[in-house]
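Chain residues, written in single-letter form:
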There are 2 protein chains.
Amino acid sequence: MAVSAIADVKQPMCPSRLILEHVTSRWGVLVLVALLERSYRFSELRREVGGVSEKMLAQTLQTLERDGFVHRDAKPVIPPRVDYSLTPLGVEAAEQVSALARWTERQVDAVQAAREAYDEARA
Amino acid sequence: MAVSAIADVKQPMCPSRLILEHVTSRWGVLVLVALLERSYRFSELRREVGGVSEKMLAQTLQTLERDGFVHRDAKPVIPPRVDYSLTPLGVEAAEQVSALARWTERQVDAVQAAREAYDEARA
């Protein structure tokens, strides 16, 4: 199927848009950033991604697993242990998302200055 | 202020997280992708970003303008004309977001295959 040859995220029905929404979702972004560093157990990952609820983290991981970005590894041990890591495709997504996150972290002062200028011009 | 030196998107209260949410928001992503190509008038941009409502596009543009990513140029003409374009900071954000969007467009088949495998394993 030649879908990807004409994929365009700006078209509402293009399947690429939904994929982009998954990797740029509020929690998807942060899960990818965290998993790029190392694999995590669910509870560890929840602590690492500050503010995420159990339900949202589970949903986010399931969506990213189904898309082929995250690998879920349930170890046959007692007590049960489940590790989450990135697939090769997930690493590609995470590297780009993580670069954007790092860039954002470096722009905090610039954005804050822009907001102050914007608000002052309208005060 | 040394905030950006210790910025970390994984911390819920870090200002970088909100900036990241703005540039990765559903419509923020697509507006940045479109504006990386050229400047647009509001109505043109709304046609270009398929599916966005007038209200959501206005909100998205205002958020991106306040953050310093989008420049709003209201021409003193009749009828009124407003052009939206990227600032230099906005170009930096848009280049990264756009690269991710292009990558996503190329992965449609791979993600579709992953989803089918996932669903089959659970059928």
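Not measured: the values here are computed from a predicted model.

1. Some details on the environment of Gly28 of chain A
All names here are of chain A.
- Following the sequence through the fold, Gly28 ends up in helix 2 (residues 26-37).
- A C-alpha to C-alpha distance of 7.8 Å links Gly28 and Leu61, two positions 33 residues apart in sequence.
- Setting aside chain neighbours within four positions, we find Gly28 in contact with His22, Val23, Thr60 and Leu64.

2. Remarks on the pattern of salt bridges
- Taken as a whole and assessed by the stated rule, the structure comprises 24 salt bridges over all chains.
- Here Arg66 of chain A and Asp119 of chain B are joined by a salt bridge, their closest N and O atoms 2.6 Å apart. Taken as a pair, Arg66 of chain A in helix 4 (residues 54-66) and Asp119 of chain B in helix 6 (residues 108-121) lie in two separate chains rather than in one.
- Residue classification places Asp119 of chain B among the partly exposed positions, given a relative accessible area of 34%.
- Linking Asp67 of chain B and Arg115 of chain A is a salt bridge whose minimum nitrogen-to-oxygen distance equals 2.7 Å. You can see Asp67 of chain B sitting in the loop between helix 4 (54-66) and strand 2 (70-75) and its partner Arg115 of chain A sitting in helix 6 (residues 108-121), one on each of two chains.

3. Re the relation of the copies chain A and chain B
- Least-squares fitting of chain A to chain B yields an RMSD of 0.0 Å, with the superposition described by an axial translation of 0.0 Å and a rotation of 180°. In symmetry terms, the pair is related by a two-fold rotation axis. Scanning chain A for the C-alpha nearest the rotation axis identifies Thr24 of chain A, at a separation of 2.7 Å.
- The fraction of interface residues of chain A whose copies in chain B are also interface residues reaches 100%, indicating that both copies meet through the same surface.

4. Some thoughts on helix 4 of chain B
Residue and element names in this part refer to chain B.
- Counted at 1.5 Å a residue, the expected span for helix 4 with its 13 residues is 18 Å, and the 18 Å between its end C-alpha atoms agrees.
- Among the residues of helix 4, those classed as buried are Leu57, Thr60, Leu61, Leu64 and Glu65. The arc that holds every buried residue of helix 4, seen down its axis, measures 130°, which confines them to one face.

5. Quick look at the interface of chain A and chain B
- At the junction of the two partners, chain A supplies 58 residues and chain B supplies 58 residues.
- Among the residues chain A hides against chain B, the three largest losses belong to Lys10, Arg66 and Trp103 of chain A. Together they make up 15% of the total.
- The interface formed by chain A and chain B holds 12 salt bridges in total.
- Of the charged contacts in the structure, one is a salt bridge between Lys10 of chain A and Glu37 of chain B, with a shortest N-O distance of 3.1 Å.
- Among the secondary structure elements, those contributing two or more residues to the side of chain A that touches chain B are helix 1 (15-23), helix 2, helix 4, helix 5 (88-106) and helix 6 of chain A.
- At 13 residues, helix 5 of chain A tops the list of elements feeding residues into the side of chain A that touches chain B.
- The residue inventory of the side of chain A that touches chain B, partitioned by class, reads 29 nonpolar, 11 polar and 18 charged.

6. Considering the layout of surface pockets
Residue and element names in this part refer to chain A.
- By volume, the largest pocket is sized at about 400 Å³.
- The element best represented in the lining of the largest pocket is helix 1, accounting for 5 residues.
- Residues of the lining of the largest pocket, tallied by class, amount to 6 nonpolar, 10 polar and 5 charged.

7. Looking at empty space enclosed by the protein
- Within the structure shown, the criterion is met by 1 cavity of 30 Å³ or more.
- Here the largest cavity defines a volume of roughly 40 Å³.
- Forming the walls of the largest cavity are Ser25, Arg26, Val29 and Leu30 of chain A together with Arg17, Leu20, Glu21 and Thr24 of chain B.
- At the level of secondary structure, the elements contributing two or more residues to the lining of the largest cavity comprise helix 2 of chain A together with helix 1 (15-23) of chain B.
- When its residues are assigned to classes, the lining of the largest cavity shows 3 nonpolar, 2 polar and 3 charged.

8. Topic: unusual backbone geometry
- Backbone torsion omega between Ile78 of chain A and Pro79 of chain A reads 0°, so that peptide bond is classified as cis.
- Mapped onto the secondary structure, Pro79 of chain A falls in the loop between strand 2 (70-75) and strand 3 (81-86).

9. A few points about the pairing of strand 2 of chain A
Residues and elements named next belong to chain A.
- Taken together, the 6 bridges between strand 2 and strand 3 define a ladder with antiparallel strand orientation. In the strand pairing of strand 3, Asp73 is matched with Asp83.
- Linking strand 2 back to strand 3 in an antiparallel pair, the connection comprises 5 residues.

Scoring rules and cut-offs
- Residues numbered from 1 in each chain as written.
- Chains lettered and ligands numbered in written order.
- Predicted model: local features only at pLDDT ≥ 70, side-chain atom pairs only at ≥ 80, totals over all residues.
- Heavy atoms only, no water.
- Helix = DSSP H or I, 4+ residues; strand = E, 2+ residues; numbered from the N terminus.
- Contact = heavy atoms within 4.5 Å.
- Salt bridge = Lys/Arg side-chain N within 4 Å of Asp/Glu carboxyl O.
- Buried < 20%, exposed > 50% of the residue type's maximum accessible area, 1.4 Å probe, protein only.
- Least-squares fit on C-alpha atoms with pLDDT ≥ 70 in both.
- Expected span 1.5 Å × (residues − 1).
- Arc of directions from axis to C-beta.
- Buried area = accessible area lost by both parts, 1.4 Å probe.
- Nonpolar A, V, L, I, M, F, W, Y, C, P; charged D, E, K, R; others polar.
- 1 Å grid on protein atoms, 1.4 Å probe; cavity = no way out; pocket = protein on both sides within 12 Å on 5 of 7 lines; lining within 4 Å.
- Points joined across faces, edges and corners; volume = space filled by probe spheres on them.
- Pairing = 2+ DSSP bridges.

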